Amino acid sequence: MTTLSIDVRRADPRDARAIAGVHRTAWISAYAGMIPHRALVQMIERRREDWWRRAARGPSTLLVVEVADKIAGYATIGLNRVRELKQEGEIYELYLLPEYQGIGLGSYLFRECRAVLSGLGMQGLVVWCLEDNDNAVTFYRAMGGMDVAEGMERFGEKSIKKLGFVWRS
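As a convention, each chain's residues are numbered from 1 in the sequence order in which they are written. Given that this is a predicted model, residues contribute local features only at a pLDDT of at least 70 and side-chain atom pairs are listed and counted only at 80 or more, while totals for whole chains, interfaces and linings are drawn from all residues. Computation of side-chain values: all heavy atoms of the structure, hydrogens and water removed.

Across the 6 residues that make up strand β5 (residues 125–130), a large majority, 6, are buried. Buried means the residue's accessible area, taken with a 1.4 Å probe over protein chains only, is under 20% of the maximum for its type, while exposed means over 50%, and partly exposed covers the values in between. Labels follow the DSSP assignment, with helices taken as runs of H or I lasting at least four residues and strands as runs of E lasting at least two, numbered in each case from the N terminus. On β5, burial covers both faces: Leu125, Val127 and Cys129 on one face and Val126, Trp128 and Leu130 on the other are all buried. Sheet analysis places strand β4 (residues 89–96) next to β5, joined by 3 bridges and oriented parallel. Following the sheet pairing, Ile91 is matched in β5 by Val127. Orient the strands so they point away from the viewer; a crossover is then right-handed if the path from the first strand over the helix to the second runs clockwise. With helix α4 (residues 105–119) bridging β4 and the parallel β5, this β-α-β connection has right-handed handedness. What makes two strands pair is DSSP finding at least two bridges between them. Of the pairings in the sheet, the one linking β5 to strand β7 (residues 158–167) comprises 6 bridges and is antiparallel in character. Paired with Leu130 across the bridge in β7 is Lys162.

Listing the buried residues of helix α5 (residues 134–142) in full gives Ala136, Val137 and Tyr140. Mapping the buried residues of α5 onto a view down its axis gives an arc of 100°, with all of them on the same face. Turned more than 90 degrees from where α5 packs its buried face, Asp134, Asn135, Thr138 and Ala142 sit exposed. By definition in these notes, contact holds between two residues if any of their heavy atoms fall within 4.5 Å. In this structure, the buried side of α5 is in contact with β4, α4, β5 and β7. Taken from the residues just after α5, Gly144 is the one with a positive phi, measuring 95°. To obtain the arc, one takes the directions from the helix axis to the C-beta atoms.

So, on to the sheet that holds strand β1 (residues 6–10). Reading across the sheet, the 7 strands line up as β1-β2-β3-β4-β5-β7-β6 and stay open at both edges, with mixed pairing between neighbours. The sheet is open, and its two borders are formed by β1 and β6 (146–155), each paired with just one other strand. Across the sheet, the mean angle from the axis of one strand to that of its neighbour is 25°, orientation sign disregarded. Every axis corresponds to a line fitted to the C-alpha atoms, with the helix fit spanning only the stretch in contact, and the corresponding angles, defined between N-to-C directions, vary from 0 to 180 degrees. Here α4 sits on the sheet in contact with β1, β2 (61–67), β3 (70–79), β4, β5 and β7, set at roughly 155° to β4.

Every case where a carboxyl oxygen of Asp or Glu lies within 4 Å of a side-chain nitrogen of Lys or Arg is listed as a salt bridge. Summed over the entire model, instances satisfying the criterion amount to 16 salt bridges. Residue Arg53 is joined to Glu49 by a salt bridge in which the shortest nitrogen-to-oxygen separation is 2.5 Å. Highlighted residues: Arg53 and Glu49, both in helix α3 (residues 49–55), separated by 4 residues, approximately one helical turn. For Lys161, the salt bridge goes to Glu150, with nearest N and O atoms at 3.3 Å. Linking Lys161 in strand β7 with Glu150 in strand β6, this pair joins segments that are 11 residues apart in sequence. Accessibility expressed as a relative area gives 27% for Lys161, which makes it partly exposed.

Among the nonpolar cores identified, the biggest contains 53 residues, and Tyr74, Ile91, Phe110 and Tyr140 are the most heavily contacted of them. For Ile91, the residues in contact, after removing those within four places along its chain, are Thr76, Ile77, Phe110, Cys113, Leu117, Leu125, Val126 and Val127. As used here, the term nonpolar core means buried Ala, Val, Leu, Ile, Met, Phe, Trp, Tyr and Cys residues forming a set that is joined through side-chain atoms within 4.5 Å.

So far we have only geometry, and geometry alone does not tell us how the molecule works.
So, in structure tokens, the structure goes:
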């Protein structure tokens, strides 16, 4: 019998290539047909390997989830950027490769993000996602988030509503 290892850890600059690949694949899977193609491609192209190498050095925290030593997803976390919301922590991004979705890995990564933020002394959590991203909305509701805020995000000529989910400590 083989034991499958699953680990969440802080990213290292050496992980940049793998994270860039996860980012590209996960974003195309999540947003193709939702975000205009040109805007989506531009967003992805801005985050090549060098960008992720710098991101691994901070100031926000970049976590990766590994399955059998392969990076299957990532999350970026830090201080809440919207002062009108009382929660101190924020998950800026949480993405998995499509083949790792729906098996509990996202929930595991989410809980680890919360634990890291809590360990840094941050009370409460906020996450923003596009309202049209049914998978993300369903996921954050299932994780106990309450959608209490709205905003708009502009992608080229298109504006899309986003929802702010919060969790109390």
